[in-house]
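One-letter residues, chain by chain:
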Amino acid sequence: MSEGTMQRRAQRDRDQRAKRLHRVLVCAAAVPVMLVAAGCSSDSGSGDSTDKAAKAAASASASPSPTVQAAAYGELPEPCKVLSKKTLKDLVPEGKSGKEGKSDDISTRGNCSWNSLDNNGVKGSQFRWLNVSMLRFESDVTRGPADKLAQEYFEKQVQDAQAVEGAKSTKSEPVPGTGDEATAVRYELKKKEGTFKQQTVVARVENVVVTIDYNGAGLAGDKSPSADDLTKDAKKAAKEAVAAVSEANGAGGAKASGAPSKSPSKAPSASPSKPASKDAPDEPSKDASKSPSQKPASKA
């Protein structure tokens, strides 16, 4: 083989090796490009999901929360101070200082009671027992506005007073000019000590329910008191107690006289400050009928 032929063959071999090397380098360079492209595609999808989640969260947070009308009244007066000295002298003339009941939250519930026994020896005795109780409701997004909850409790109190076991001659009547609504219920209960005449006046002013229980009896042979007189006194006490509730909240007793209330409002609560709107306070209208001899005023 001539030298020229050998040179041409060597040149062809060199050219073929160069072409193969070029193809290898081109393919190697293409792999990272594909990986980068795939990576960008994956990142783009993740970003879309994140954006969608963020938009959904923003939309949810922008949705308005449930609201309910705020409670009108946020305070209660001291239960043993809602009635004037003159009223107490008229209703429980021999009564001393009132006995305040226990309360886990004095801004939500309270009650106070008084005993009076006018002992005339062989001529008999006159007994009187008076109790005032108050229950305040808070607005709740699940249960409704405070005044609605108070109205429901008001109706229940009236129904309970009308359904006392053993009651005779039960009568009910509305009491105008006392809060937003008020009802007086009266009846008689015969016991071994005598005939007890019970008066219960239930009144609602805004989101507060006031219950006045007042009973009297002639003991040891003394004559029974007039039911009309007792009812009149109980209505007077109810009106006074309702005015005290309004005054404690800066309303000047407007609701006591039937005038529109301009009391300040407080922000609604997600739940009652205490479980008062669920659990009713002691119901003196029932306890009052369980008076023992000589000391029938003590609550059970």
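Owing to the predicted nature of the structure, the values given are computational and were not obtained by experimental measurement.

Parameters and conventions
Residues numbered from 1 in each chain as written. Predicted model: local features only at pLDDT ≥ 70, side-chain atom pairs only at ≥ 80, totals over all residues. Heavy atoms only, no water. Helix = DSSP H or I, 4+ residues; strand = E, 2+ residues; numbered from the N terminus. Buried < 20%, exposed > 50% of the residue type's maximum accessible area, 1.4 Å probe, protein only. Contact = heavy atoms within 4.5 Å. Pairing = 2+ DSSP bridges. Axes fitted to C-alpha atoms, helices over the stretch in contact; angles between N-to-C directions. 1 Å grid on protein atoms, 1.4 Å probe; cavity = no way out; pocket = protein on both sides within 12 Å on 5 of 7 lines; lining within 4 Å. Points joined across faces, edges and corners; volume = space filled by probe spheres on them. Nonpolar A, V, L, I, M, F, W, Y, C, P; charged D, E, K, R; others polar. Core = buried A, V, L, I, M, F, W, Y, C linked by side-chain atoms within 4.5 Å. pLDDT = per-residue confidence, 0-100. Disulfide = S-S within 2.5 Å. Expected span 1.5 Å × (residues − 1). Polar contact = N/O pair within 3.5 Å; in protein donor to acceptor, adjacent residues only side chain to side chain. Phe/Tyr/Trp six-rings, centres within 6.5 Å; stacked < 30°, edge-to-face > 60°. Salt bridge = Lys/Arg side-chain N within 4 Å of Asp/Glu carboxyl O.

**Student:** Which residues make up the overall build of the protein chain, and what are the values?
**Tutor:** Within the protein chain one finds 5 helices and 7 strands. Reading the protein chain from its N terminus to its C terminus gives the helix and strand order α-α-β-β-β-α-β-β-β-β-α-α. Sorting the 300 residues of the protein chain into buried and exposed places 40% on the buried side. Once local pairs closer than 6 in sequence are excluded, the contacts in the protein chain between residues at least 24 apart make up 65%.

**Student:** Please give an account of the sheet that holds strand β7 (residues 208-219) that cites residues and values.
**Tutor:** The strand order β1-β2-β3-β7-β6-β5-β4 describes an open sheet built from 7 strands, whose pairing is antiparallel. This sheet does not close on itself; its edge strands, each paired only once, are β1 (99-100) and β4 (168-174). As paired elements, strand β6 (residues 194-205) and β7 share 9 bridges and run antiparallel to each other. Note on β7: the bridge partner recorded for Val205 is Val208. Helix-sheet contacts for helix α4 (residues 227-248) involve β3 (125-136), β4, β5 (181-191), β6 and β7, and the interaxial angle to β6 is about 30°.

**Student:** Would you mind going over empty space enclosed by the protein in detail, with residue names and values included?
**Tutor:** Applying the stated criterion across every chain yields a total of 2 cavities of 30 Å³ or more. The computed volume of the largest cavity comes to approximately 40 Å³. Around the largest cavity, the lining residues are Lys171, Ser172, Glu173, Ala184, Val185, Arg186, Gln199, Thr200, Val201 and Thr231. Those elements that place two or more of their residues in the lining of the largest cavity are β4, β5 and β6. Of the residues contributing to the lining of the largest cavity, the split by class is 3 nonpolar, 4 polar and 3 charged.

**Student:** For the nonpolar core, give the residues involved together with the corresponding values.
**Tutor:** In terms of nonpolar packing, the biggest core is built from 32 residues, with Leu83, Trp114, Leu130, Val132, Val210 and Ile212 touching the most fellow members. Those elements that place two or more of their residues in this core are α2 (85-91), β2 (109-119), β3, β5, β6, β7 and α4. Among the elements that line this core, the one with the most residues is α4, at 8 residues. Contact partners of Val210, with chain neighbours within four places excluded, come to Val132, Ser133, Met134, Val201, Val202, Ala203, Ala241, Val242 and Val245. In terms of nonpolar packing, the next biggest core, distinct from the first, is built from 16 residues, Leu135, Tyr153, Val158 and Val202 among them.

**Student:** Before we move on, could you go through the confidence of the model for the protein chain and cite the residues and values that matter?
**Tutor:** Of all residues in the protein chain, 62% have pLDDT values of 70 or greater, and the mean over the chain is 77. Low confidence marks residues 31-42, where pLDDT is under 50. Its contacts with residues over four positions away, or in another chain, come to 0 contacts. Across residues 259-300, confidence stays below pLDDT 50; counting only partners more than four residues off in sequence or on other chains, it has 102 contacts.

**Student:** So what about the pairing of β4? Which residues, and what values?
**Tutor:** Of the pairings in the sheet, the one linking β4 to β5 comprises 5 bridges and is antiparallel in character. In the sheet register, Pro174 faces β5, and the bridge partner there is Thr183. Between β4 and β5, which pair antiparallel and follow one another directly, the connecting turn spans 6 residues, one of which, Gly177, has a positive phi of 75°.

**Student:** Just give me the short version of the state of the cysteines, but keep the residues and values in it.
**Tutor:** Within this structure, the stated rule accounts for 1 disulfide. The residue that forms a disulfide with Cys80 is Cys112, at a sulfur-sulfur distance of 2.0 Å. For the disulfide bridge between Cys80 and Cys112, the dihedral angle about the S-S bond is near 95°, and by the sign convention the bridge is right-handed. You can see Cys80 sitting in the loop between α1 (3-62) and α2 and its partner Cys112 sitting in strand β2, a full 32 residues away along the chain.

**Student:** With reference to specific residues and values, describe α4.
**Tutor:** Here α4 spans 31 Å end to end across 22 residues, near enough to the 32 Å set by a 1.5 Å rise per residue. Within α4 the residues assigned to the buried category are Ala227, Leu230, Thr231, Ala234, Ala237, Ala238, Ala241, Val242, Ala243, Ala244, Val245 and Ser246. In this fold, the buried residues of α4 make contact with α2, β3, β4, β5, β6 and β7. Where α4 starts, the residue carrying a side-chain oxygen 3.3 Å from the main-chain nitrogen of Asp228 turns out to be Ser226.

**Student:** Describe the packing of aromatic side chains, with residues and values.
**Tutor:** Centre-to-centre distance and the angle between the planes together describe a pair of aromatic rings. Taken as a whole and judged by the stated rule, the model has 2 aromatic pairs. Measuring from centroid to centroid gives 6.0 Å for Phe127 and Phe196, while their planes differ by 70°, and the two rings are edge-to-face. One end of the pair, Phe127, is in strand β3; the other, Phe196, is in strand β6, with 69 residues separating them in the sequence.

**Student:** Can you lay out helix α3 (residues 146-162) for me, pointing to particular residues and giving the numbers?
**Tutor:** For α3, spanning 17 residues, the distance from its first C-alpha to its last is 25 Å, which sits close to the expected 24 Å at 1.5 Å a residue. Considered for burial, the residues of α3 that qualify are Ala146, Leu149, Ala150, Tyr153, Phe154, Gln157, Val158, Asp160 and Ala161.

**Student:** So what's going on with the pattern of salt bridges? Which residues, and what values?
**Tutor:** Pairing between side chains of opposite charge can happen when the charged atoms of each approach one another. Tallied over the entire structure, the rule returns 10 salt bridges. Residue Asp90 is joined to Lys236 by a salt bridge in which the shortest nitrogen-to-oxygen separation is 3.4 Å. Taken together, the residues span a long stretch of sequence, with Asp90 in helix α2 and Lys236 in helix α4 at a distance of 146 residues. In this structure, Glu152 and Lys148 form a salt bridge, with 2.7 Å as the shortest nitrogen-oxygen distance.

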